Structures are given as structure tokens and as C-alpha cells.
Amino acid sequence: MTDIGWGWLADMEGFGTLGDKVDDFKLLSSEELVSLNATLSPLKHASHGMIFARRSKLLWDLYDMKGMVMMQLRFDGVLGFPGGLVDDGETPLQGVNREMHEEIGLDLSKYSFTDGDRIASYVHEGKKLVLHFYMMEVSPEDFVLLEQRTLSAEEYGIETYGVVRVPLFTMGDGVRGFPAFLANQFAGNARDELIRGLLCSKLFTQQEMSVALKAYLSHSEKLKVETVTSKAN
Ligand SMILES: O=c1[nH]cnc2c1ncn2[C@@H]1O[C@H](COP(=O)(O)OP(=O)(O)O)[C@@H](O)[C@H]1O
């Protein structure tokens, strides 16, 4: 990457570059994850986690809200899950728990991720970066309390600019709500992780997800056309 003269920070910034494509990340089986350490070292690891609650609720007596999922607005202006780079000497699991505490103030004595909560790992071979994704279900009441605590987290206002709840419903036009949310910009492969997490938790069925994805894709196409048109005028 270009040397911007910020010493070690310039190296770290290479991991967070915007514009990663879904295809840049390859999903890894457990065996591939093990063999990767031998073939692609030195590897950097990052771990992120999805906290969610199940709560079927009719919003404004109209829209079926399937539950609550926590994401955050990051320092770089895009959406992602709480988490971050794993420090030297840490395991990905220790990394995700530490980052959860720093970024959203998670009380690790009550809630912490375990190895069994890892639902996927991906590699970005170009960046020699492995992303680990964890998922934890809490009760709806706890979810609300956890959200409230995020304001007093160490990293609030530094790395994290507020948690957001993912709108898990689709409005009458077929786009507003979840499909429109997907058209935001996400860090790394966070969009893909969100989709995987929603399917894995069974908050969405395959059928519901494919309808939402079609709506998101056609909405994104429309947004591109609008951007080009507004530049031309
Ligand atoms: O929610 C996420 N899911 C997947 N990848 C992410 C997410 N958030 C950030 N990333 C990617 O992980 C890498 C490091 O993450 P992050 O910026 O959170 O680490 P840091 O907070 O330790 O600097 C970057 O490549 C970034 O694009």
C-alpha cells in the first residue's frame, strides 16, 4: 500500500481498506483453517461477533420483525460487527471477547463467546488475513440492556460510533427495511457474515433470504444508475 508516513499505522490501515469484494474472501473448512497456518504465514487474524435475540413482533401492526441483531457504525464510516484484529499471543476467541469488551462494554463474566460459537472463518489471501465470525444469542431483555451499556464502552467515540439494530423486516415496497439496509457499505465481508448469521440462527429461512437478496440487488443497481445520472447533470 502507499506509504502515508504514519509508521506502523500505515501497515494496519492496509487491513481495513474499503471496497473489499465478496469474492476476495474464501470460506474455510476447519481442515483448511489448520493447513493455512503452514502455507500462508505470516497470517493476521481478526474476529467479529454477532449478538442477537429472537423476538417475533409486529411493528406498527404491519411488519413482522423477526428479532434483534447488533451491528455498529465504525470509525471509518461503514458498518460492521464489533470485533477487530487479534493481538499477538491471543487466540481468535480471546480476541473477539476482548474486542467485545472494549467496543461495546460487554460484561465478559456474564456473556462471552466460546469456541462453539464460531460459525465461519474466511481468508483474504491477498491481505493474508483470516476473519473469524462468532454468533451469540441472548434474551430480548438482555439485548436491550447490552445496547444501553454500549454508550459507556471504552472505545465509544473512538473506534465505534454507536450500535445499530438491523431492521429485520421488509416494507410494502419490497425494498425499505432489510434489503435497503444491505445496500449500505460494510467493512470486510460483514454483509456476507450478516446473511450467514441470519440463516444460521434461523431468523431467516432460505426462501425469505433469497427474496430479500433479490430486492437488495435490484435496489443497488438502481442506486448506481442514480449516482451516474446525478454526476452527468
Ligand atoms: O464486521 C466485520 N466483519 C468482517 N470483517 C470486518 C468487520 N469489521 C472489520 N472487518 C475487517 O477486519 C479487518 C480488521 O478489522 P477491524 O478494523 O475491526 O480491526 P481493528 O479494530 O483491530 O483495527 C479489516 O480488514 C476490516 O475490513
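Computed from a predicted model, the values in this text were never measured in an experiment.

## Quick word on the overall build of the chain
Of the regular secondary structure elements, the chain holds seven helices and eight strands. With respect to the principal axes defined by its C-alpha atoms, the chain has extents near 50 × 50 × 35 Å. Here the chain, with 233 residues, has 43% of them falling under the buried criterion. In the chain, of all internal contacts separated by at least 6 residues, the share reaching a separation of at least 24 is 68%. Accessible area for the chain stands at about 12500 Å²; split by element, carbon and sulfur atoms hold 56% of it. Distance between charge centres in the chain, computed from 23 positive and 34 negative side chains, equals 6 Å.

## As for the UniProt feature "domain: Nudix hydrolase" (unreviewed entry) in the chain
This chain's UniProt record puts "domain: Nudix hydrolase" (unreviewed entry) on residues 42-188. Between the C-alpha atoms that bound residues 42-188 there is a distance of 19 Å. The span itself is 19% helix and 37% strand.

## As for helix 3 (residues 92-104)
With 13 residues, helix 3 should reach 18 Å at 1.5 Å per residue; the first-to-last C-alpha distance of 18 Å fits that figure. In terms of burial, helix 3 is a largely internal element, 10 of the 13 residues being buried. Where helix 3 is buried, its residues contact strand 2 (44-59), strand 3 (63-74), strand 5 (83-85), strand 7 (129-137), helix 4 (140-149) and strand 8 (160-165). In the stretch just after helix 3, G105 is the one whose phi turns positive, near 70 degrees.

## Here we look at the layout of surface pockets
Empty space within the second largest pocket amounts to approximately 310 Å³. Taken together, 17 residues make up the lining of the second largest pocket; nearest its centre are D20, N184, Q185, F186 and R191. Elements represented by at least two residues in the lining of the second largest pocket include exactly helix 6 (190-200) and helix 7 (206-232). It is helix 6 that contributes the most residues to the lining of the second largest pocket, three residues altogether. Residues belonging to the lining of the second largest pocket are distributed by class as follows: seven nonpolar, six polar and four charged.

## Observations concerning the pairing of strand 7
Across the nine residues that make up strand 7, a large majority, eight, are buried. The pairing of strand 2 with strand 7 spans nine bridges and is parallel. By the bridge assignment, H48 is partnered in strand 7 with F133. Alignment of strand 6 (residues 118-124) against strand 7, held across six bridges, turns out to be antiparallel. By the bridge assignment for strand 7, H124 is matched with L129. Taking the residues between adjacent antiparallel strands as the criterion, strand 6 and strand 7 are bridged by four residues, where K128 takes a positive phi near 50 degrees.

## Topic: the environment of K57
In this structure, K57 sits in strand 2. Assessed through its relative accessible area of 38%, K57 is described here as partly exposed. In contact with K57, other than residues within four places in its own chain, are Y63, D64 and M65.

## A short note on the packing of aromatic side chains
Applying the stated criterion across every chain yields a total of seven aromatic pairs. Ring plane angle 50 degrees and centroid distance 4.9 Å describe the contact between F178 and F204, whose orientation is recorded as tilted. With F178 in helix 5 (residues 178-182) and F204 in the loop between helix 6 and helix 7, this residue pair connects regions lying 26 residues apart in the sequence. Both residues of the pair, F178 and F204, belong to the buried class. With 5.7 Å between their ring centres and 75 degrees between their planes, F181 and F186 make a pair best called edge-to-face. For the pair shown, F181 and F186 are each scored as buried. Among the aromatic residues, ring-to-ring pairing joins W60, Y63 and F169 into one connected group.

How each quantity is defined
- Residues numbered from 1 in each chain as written.
- Predicted model: local features only at pLDDT ≥ 70, side-chain atom pairs only at ≥ 80, totals over all residues.
- Heavy atoms only, no water.
- Helix = DSSP H or I, 4+ residues; strand = E, 2+ residues; numbered from the N terminus.
- Buried < 20%, exposed > 50% of the residue type's maximum accessible area, 1.4 Å probe, protein only.
- Contact = heavy atoms within 4.5 Å.
- Areas by Shrake-Rupley, 256 points an atom, 1.4 Å probe, with all protein chains shown as cover.
- Lys, Arg positive; Asp, Glu negative; His and termini not counted.
- Charge placed at Lys NZ, Arg CZ, Asp CG, Glu CD.
- UniProt positions renumbered as here; feature names shortened; annotations may be inferred.
- Expected span 1.5 Å × (residues − 1).
- 1 Å grid on protein atoms, 1.4 Å probe; cavity = no way out; pocket = protein on both sides within 12 Å on 5 of 7 lines; lining within 4 Å.
- Points joined across faces, edges and corners; volume = space filled by probe spheres on them.
- Nonpolar A, V, L, I, M, F, W, Y, C, P; charged D, E, K, R; others polar.
- Pairing = 2+ DSSP bridges.
- Phe/Tyr/Trp six-rings, centres within 6.5 Å; stacked < 30°, edge-to-face > 60°.

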